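Summary of the model geometry
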Amino acid sequence: MSGHALPGSWTGTLDDLSQLANTLLPQYLPLDRSGRTQDEVNPRLIRHYTTQGLLDPPLKEGRGAVYNRRHLLQLLALRRLMVDGHSAQALKTLLGTQNDAELEALLTGEAGLKVQSSNPALDYLDGLKNAPSRRVFAATPPLASPLPSTAPAAPPLSSYTRLTLAPGLELHVSQTARLPRTPAEQDTLAKQLLAALDTLQRKP
Amino acid sequence: MTQSNMNPSTLQPTAEFRPLKSALVAGKTQELTLLIRVHPAPAPRRSGGRPPLNLALVLDRSGSMAGEPLEMAKEATVAALRQLKPEDRVSVVSFDDEVRVEVPSASARDLEAMIAQVRTITSGGSTALYDGWMVGATQVATHLNRQGLNRVILLSDGQANHGLTDAREIARRVSGLSERGVSTTTLGFGGHYDENLLLSMATSGDGNFEHIEEAGKLPTFFESELQGLSRTSGRTVSLGLEPNGEYRCEVLEVLGDLQRNEFGRLQLPNLVEGQPLSVVARIRLTAPDRGVTGVLRARLAWTGLDGLRQKFRAQFNLPVTDQAAYDALPDDPEVLEAAALLEMAKRQREAVRAMDAGDRSGAMDYLSGVVAMVQAMPSPSAEVSATLAESQELQRLYQDGEDGLARKRALSQAYNRSQSKPRRS
């Protein structure tokens, strides 16, 4: 990790955004990717993302375009998810609908399954069902929380269930794993599983 | 005089500004009345005709619905199912003190099997309204479609008396879900439902509220809700008014009972093709000595059917003139009418507050005030005349001691006005 921290609030020009994103990006990319120049962004690329609807439009259009922290979060999350192998098309409807805290959570690495299957409505209802008292809900923060607090706290004790899917093929499921619930999530997981197995076959 | 923003894309809504008078008096501190009308864009035409719907129809089958009400609610559900297209999803949930998923969420392909199941619903015990909403909401959320319209439509004739019943808490939860893409419409049926609860659920749920008195009309309401959904091009709509500080411009009052979001912007109903939204604001400013004054900017934001947040700003300018020329300017009759209708709605809400405080004569005064307002108008439009008839009917109901019904009607009429809902023929 480099020492650069995500600013708590930020506005700047297109050039500023590009520079800051390039400074911050390495810490969010997998280790073997950090420092590769082809992962860097530039103003032209950012404008392209904006016209593709991948980023919110700037606060002011044209020459004096102004960007803020949300644009930065969207840009970082976009680059990170693309490096993870998600297509820009698949991300199109995603980043615009995530709030800042959710974007930060994507960045800090709860990506994976949660990214493609993110279903904020269902998560919310689950939260309502599992709440011990109504107090909890009054306090649900819908928006921005600082970066450290979004990192998941490690469970005190981890317990795994082992499932045998086929001879020699076992699945370990943590008690805290987020299991797929919707058809879309199940689909995604099945594809991820097959893709993971596929990498095994290709290895010598 | 009207001004519209120019939008290159045909699928964008437009904002129209109509001041009561089309100029400002030079150098003077003054108040002006401004009608801002948002014209929704045509709903996108797709090969299938409209975006896919993802619905839960949640029906009250508590004991009080026994007989004709439940039968009509079932027929209404059947009529709604028949309007769906194969690419839509739907579920049907019923509740008394327990909740049943009558039809789990599925594509609207095998309609006959769904309809047969709906017809088996029978009435039962008390009213677990929140639990019913919750189960319907889960059916919709499980199949959340970011490119479609996701909505729970809940019909109830009673008071929530089982499970969570705190109206404020329920509304908060409904609001939380609507921020995450699933909206809620409520239909209050008869004279005994909890209008405060259902109204606040619809307002915080980014959906509609309807007050329905006759069981025979239930199918019409389901039908119009579906038609509204199929013409919707934007949801979670907000309007921010940004007065120009240079002329010490400030918004004194916004007529109409509109909620504000956390940024202080007005929360408007969904953008539905053919249903312009009217907001009337009273503004104070000090005009410059000459030239054209930038009075304020309106910032309209909405979530499109693609799930993306969109926004634009439009600026409203007025020229300045001298006092004599200003006095000679005519009032824009449309602005007068829009302001009067919202003013009447405000008095109806005040009447309800007086009713709730047990102040019968106060309530009657407010209701008479509405009637007097209409009678004072030079040439009442059809809309104003219809409002007059409603107000007189309200007075009569209240005089006859039909307080419950008078209250429900007064609130739903005031709500319809604030939401710019078109009158049902």
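Rules and cut-offs
Residues numbered from 1 in each chain as written. Chains lettered and ligands numbered in written order. Predicted model: local features only at pLDDT ≥ 70, side-chain atom pairs only at ≥ 80, totals over all residues. Helix = DSSP H or I, 4+ residues; strand = E, 2+ residues; numbered from the N terminus. Buried ≥ 20, exposed ≤ 12 C-beta atoms within 10 Å, placed from the backbone. Contact = placed C-beta atoms within 7 Å. Nonpolar A, V, L, I, M, F, W, Y, C, P; charged D, E, K, R; others polar. pLDDT = per-residue confidence, 0-100. Expected span 1.5 Å × (residues − 1). Axes fitted to C-alpha atoms, helices over the stretch in contact; angles between N-to-C directions. Parallel < 35°, antiparallel > 145°, perpendicular 65-115°, else oblique. Left-handed = near helix turned anticlockwise from the far one by under 90°. Pairing = 2+ DSSP bridges. Core = buried A, V, L, I, M, F, W, Y, C linked by C-beta atoms within 7 Å.

1. Observations regarding the overall build of chain A
- Each helix and strand in chain A was counted, giving 10 helices and 4 strands.
- Reading chain A from its N terminus to its C terminus gives the helix and strand order β-α-α-β-α-α-α-α-α-α-α-β-β-α.
- Buried residues in chain A amount to 21% of all 204 residues.
- Pairs at least 24 apart in sequence give 64% of the contacts found in chain A among residues at least 6 apart.

2. Examining the interface of chain B and chain A
- Of the residues lining the interface, 21 residues belong to chain B; the matching set on chain A comes to 19 residues.
- For the side of chain B that touches chain A, the elements supplying multiple residues, two or more each, are helix 3 (129–142) and helix 4 (167–178) of chain B.
- Its residues placed into classes, the side of chain B that touches chain A shows 7 nonpolar, 6 polar and 8 charged.

3. A look at unusual backbone geometry
Residue and element names in this part refer to chain B.
- For Arg248, which is not a glycine, the phi torsion comes out positive at approximately 50°.
- Using a count of 11 C-beta atoms within 10 Å as the deciding quantity, one classes Arg248 as exposed.
- For Ser420, which is not glycine, the phi dihedral falls at a positive 55°.
- Along the polypeptide, Ser420 turns up in the segment after helix 11 (403–418).

4. Some thoughts on the environment of Leu6 of chain A
- Topologically, Leu6 of chain A is positioned in the segment before strand 1 (11–12).
- Sequence separation between Leu6 of chain A and Leu20 of chain A is 14 residues; the distance between their C-alpha atoms is 9.3 Å.

5. Focus on the confidence of the model for chain A
Residues and elements named next belong to chain A.
- In this model, chain A carries a mean pLDDT of 72, and residues with pLDDT of at least 70 account for 69%.
- Taken element by element, the predicted model of chain A shows its lowest mean pLDDT in helix 8 (residues 135–138) (34) and its highest in strand 2 (residues 67–68) (91).
- Low confidence marks residues 111–117, where pLDDT is under 50. Its contacts with residues over four positions away, or in another chain, come to 19 contacts.
- Note that pLDDT drops below 50 for residues 132–157; the model gives that stretch 28 contacts with residues more than four away or on any other chain.

6. Section: helix 11 of chain B
Residues and elements named next belong to chain B.
- With 16 residues, helix 11 extends 22 Å between its outermost C-alpha atoms, agreeing within 8% with the 22 Å of an ideal straight helix rising 1.5 Å per residue.
- Counting buried residues in helix 11 gives 12 out of 16 residues, a clear majority hidden from the surface.
- If you check which residues of helix 11 are buried, you get Ala406, Arg407, Lys408, Arg409, Ala410, Leu411, Ser412, Gln413, Ala414, Tyr415, Arg417 and Ser418.
- Trailing helix 11 by a residue or two, Ser420 shows a phi angle of about 55°, which is positive.

7. Regarding the packing of helix 8 (residues 333–356) of chain B against helix 9 (residues 360–375) of chain B
Residues and elements named next belong to chain B.
- Two numbers describe how helix 8 lies on helix 9: the axes approach to 7 Å, and their chain directions differ by 165°. Classified by the angle their axes make, helix 8 and helix 9 are roughly antiparallel. As helix 8 runs across helix 9, the sense of the crossing is left-handed. Every residue of helix 9 that contacts helix 8 at Ala340, Glu343, Met344, Arg347, Gln348, Glu350, Ala351, Ala354 and Met355 is listed here: Gly362, Ala363, Tyr366, Leu367, Gly369, Val370 and Met373.
- Across the contact of helix 8 with helix 9, the residue classes tally to 10 nonpolar, 3 polar and 3 charged.

8. What about the pairing of strand 7 (residues 99–107) of chain B?
Residues and elements named next belong to chain B.
- With 6 bridges connecting them, strand 6 (residues 89–95) and strand 7 associate as antiparallel partners. Counterpart to Val90 in the pairing with strand 7 is Ala106.
- Between strand 6 and the antiparallel strand that follows it, strand 7, lie 3 residues.

9. A few points about the nonpolar core
Residue and element names in this part refer to chain B.
- If you look at the biggest cluster of nonpolar residues, it comprises 118 residues, and the most contacted ones within it are Ile36, Leu57, Val58, Ala137, Val152 and Ala298.
- Ranked by the residues each element gives to this core, the list is headed by helix 8, at 11 residues.
- In this view, Ile36 contacts Ala15, Phe17, Val279, Ala281 and Ala298; residues no more than four positions away in its chain are not counted.

10. Observations regarding the sheet that holds strand 8 (residues 149–156) of chain B
Residues and elements named next belong to chain B.
- Taken together, 6 strands build an open sheet; the order of strands is 7-6-5-8-9-10 and the sheet is mixed. What marks the edges here is a single partner per strand, and that holds for strand 7 and strand 10 (209–212). The average angle at which neighbouring strand axes cross in this sheet is 15°, direction not considered.
- Judged from the 6 bridges that link them, strand 8 and strand 9 (residues 183–189) form a sheet pairing that is parallel. By the bridge assignment, Arg151 is partnered in strand 9 with Ser183.
- Sheet contacts for helix 3: strand 5 (53–60), strand 6, strand 7 and strand 8; angle to strand 8, the most-contacted strand, approximately 160°.

11. What to know about the confidence of the model for chain B
- Summary statistics for chain B give a mean pLDDT of 89 and a share of 96% for residues scoring 70 or more.
- Across the assembled chains, the prediction reports ipTM 0.79 with pTM 0.69.

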